[in-house]
Structure formats: C-alpha cells, structure tokens
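# Working through the structure, step by step
Below, each chain spelled out in residue letters.
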Amino acid sequence: MPSVGGHDTTLPGVRGLARALGVSPAVISVDAHTDFRPPRAGASRDEPNSGSPFRRLIEDGVIEGPRFRVLGLAEHRVAPAHLDWLKAQGANAVFRSDMRRDAQDLPECFAEVMEKPGMAGRPLALSVDLDVMPLAGLSAVGGAGVPPLEVTRAAWLAGSRPSTCYLDVVECAPSLDPTGRTQVIAWYTMLQDLGHA
C-alpha cells in the first residue's frame, strides 16, 4: 500500500500486483486528471513521470483498457488528446459534471462502476490522487474538487470488497499545507480502505 508519493509510484505498484496475481486487475483511479500523458519530448519512456502511470500500464500490457476507470475528472484539467487515447483503449472516464448530471456522489459512482463488465469479480486496485479534492497540500491543485467525505466513503466501499487488493494515496505535498489537513485526509482515506475508521 504505497502512500503519498507521486503518482509514478502506481506504475511499479500495480505492475507488482499483476505479477503476483498472475492476472490483469481492474483499476479505478480517483483523480482530477487522466494521468495518460505521453513521455515529454526528449525524455526516456522509462523516466518516472507522475502524469503517465496508467498509460504505461496499458501500453505495457499490465492492465487492459476495458478494466480501467478514472472517476472525478475535472473538466478544465484534462487534455482532449489524453481523453481520446484513453477512450481508444476501451477505458472509461467519469467527469465531475457527469456525476452531477446523474445526481450521483463518488461512492454511488464507484459502486456502479464495479458492476460493469470487465470490472465485476476482478481483483481491484484503487488509486486515489488527492488532487481530486479541494485541499491545499497538493503537488497539482485540481480545482473545486470532490468533497473529502465522498472520497473516504468510496475508499471504505473499496475496502469492504473482498476483491480489493491494492490501494495507493498519492500526490500529497505536506510543506504546502501547514495546517496538516491534507495529510490527515490522506491517512484517513487509507484507514477507511483498511476498515479501521
């Protein structure tokens, strides 16, 4: 269970999980961004990059596009080219505006997604990027965001499923939040997934 590093930590985490399981897990990313960026111009494909872990996991055949969902995207924080690439892989994205339109909160959306073909019954990896919430101590602020209570409830739902076998909580920057609120919410999200809160 990696915690509060960059989103690049998800790449080895989910890769190791898939190797240990011997199957491609279902992956749900809760994030304001897709994290499907291609490598920067001139950069090595293998250079760690917090903006591309899921693209790499799909390109490398570790996870399958139809078994990937990203929930909570911020409309103004997603490049159309990244969204097009995601859809071309058979993956699915849910924007905050989609949830508002459908009168769903994040836990309801999570529960619905877990019953979709390709997701139901698969081992689950959950990745929570804290920038999906309106917090101060983040490496990339995502805007108005999903309320922290919704994110922690979704983490609790994930933890209550026997199929959940991986969690990471990423992109915390403690030095940017002297109140410590961001760190507390990061740990509370993890505790909810573990069922300790």
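For the structure itself, look to the data block above.
Residues numbered from 1 in each chain as written. Predicted model: local features only at pLDDT ≥ 70, side-chain atom pairs only at ≥ 80, totals over all residues. Heavy atoms only, no water.

Here the focus is the packing of aromatic side chains. Scanning the entire structure with this criterion turns up 3 aromatic pairs. Note on Phe36 and Trp85: the rings are 5.3 Å apart at their centroids and 55° apart in plane angle, and the pair reads as tilted. Here the residue Phe36 occupies a position in the loop between strand S1 (26-30) and helix H2 (53-59), and Trp85 occupies one in helix H3 (residues 80-88), the gap between them amounting to 49 residues. Taking relative accessible area as the criterion, Trp85 reaches 18% and is therefore assigned buried. Measuring from centroid to centroid gives 4.9 Å for Phe54 and Phe68, while their planes differ by 40°, and the two rings are tilted. In this pair, Phe54 is assigned in helix H2 and Phe68 in strand S2 (residues 68-73), connecting sequence segments 14 residues apart. Judged by relative accessible area, Phe68 falls into the buried class, the value being 0%. (Phe/Tyr/Trp six-rings, centres within 6.5 Å; stacked < 30°, edge-to-face > 60°. Helix = DSSP H or I, 4+ residues; strand = E, 2+ residues; numbered from the N terminus. Buried < 20%, exposed > 50% of the residue type's maximum accessible area, 1.4 Å probe, protein only.)

What follows concerns the sheet that holds strand S5 (residues 164-170). Pairing is parallel across the open sheet formed by 5 strands, whose spatial order is S3-S2-S1-S4-S5. Since the sheet does not close on itself, it has two edges, and those belong to strand S3 (92-95) and S5, each with one partner. Strand after strand, the sheet turns through a mean of 15° between neighbouring axes, direction not considered. Looking at chain direction, S2 and S3 are connected through 4 bridges and run parallel. Paired with Val70 across the strands is Ala93, a residue of S3. Along the sheet, H3 contacts S2 and S3; its crossing angle with S3, the most-contacted strand, is approximately 135°. Running over the sheet, helix H6 (residues 148-159) touches strand S4 (124-129) and S5 and is turned about 165° from S4. (Pairing = 2+ DSSP bridges. Axes fitted to C-alpha atoms, helices over the stretch in contact; angles between N-to-C directions. Contact = heavy atoms within 4.5 Å.)

Time to look at the pairing of S4. In terms of burial, S4 is largely enclosed, as 6 of its 6 residues are buried. On S4, burial covers both faces: Leu124, Leu126 and Val128 on one face and Ala125, Ser127 and Asp129 on the other are all buried. Relative to S4, S1 runs parallel, the two being bridged by 5 bridges. Directly across from Ala26, in S4, lies its bridge partner Leu124. Two elements, S4 and S5, share 6 bridges in a ladder whose sense is parallel. Note that in S5 the partner of Val128 across the bridge is Val169.

Further remarks concern helix H7 (residues 181-194). Between its first and last C-alpha, H7 extends 20 Å over 14 residues, near the 20 Å set by a 1.5 Å rise per residue. All of the buried residues in H7 are Thr182, Ile185, Ala186, Thr189, Met190, Gln192 and Asp193. Down the axis, H7 shows its buried residues gathered within 160° of arc, on one side only. Looking at the buried positions of H7, the neighbouring elements they touch are S4, H6 and S5. (Expected span 1.5 Å × (residues − 1). Arc of directions from axis to C-beta.)

A few words on the nonpolar core. Ile28, Leu71, Leu106, Phe110 and Leu126 are the most contacted members of the largest nonpolar core, which totals 30 residues. Listed by contribution, the elements that provide at least two residues to this core are S1, helix H5 (106-113), S4, H6, S5 and H7. At 4 residues, H5 tops the list of elements feeding residues into this core. Membership of the second largest hydrophobic core comes to 23 residues, among which are Val14, Ala18, Ile63 and Leu86. (Core = buried A, V, L, I, M, F, W, Y, C linked by side-chain atoms within 4.5 Å.)

Moving on: the pattern of salt bridges. What the rule picks out here adds up to 9 salt bridges. Ionic pairing is found between Asp60 and Arg15, a salt bridge with its closest N-O pair at 2.8 Å. You can see Asp60 sitting in the loop between H2 and S2 and its partner Arg15 sitting in helix H1 (residues 10-21), a full 45 residues away along the chain. Judged by its relative accessible area of 32%, Asp60 is partly exposed. (Salt bridge = Lys/Arg side-chain N within 4 Å of Asp/Glu carboxyl O.)

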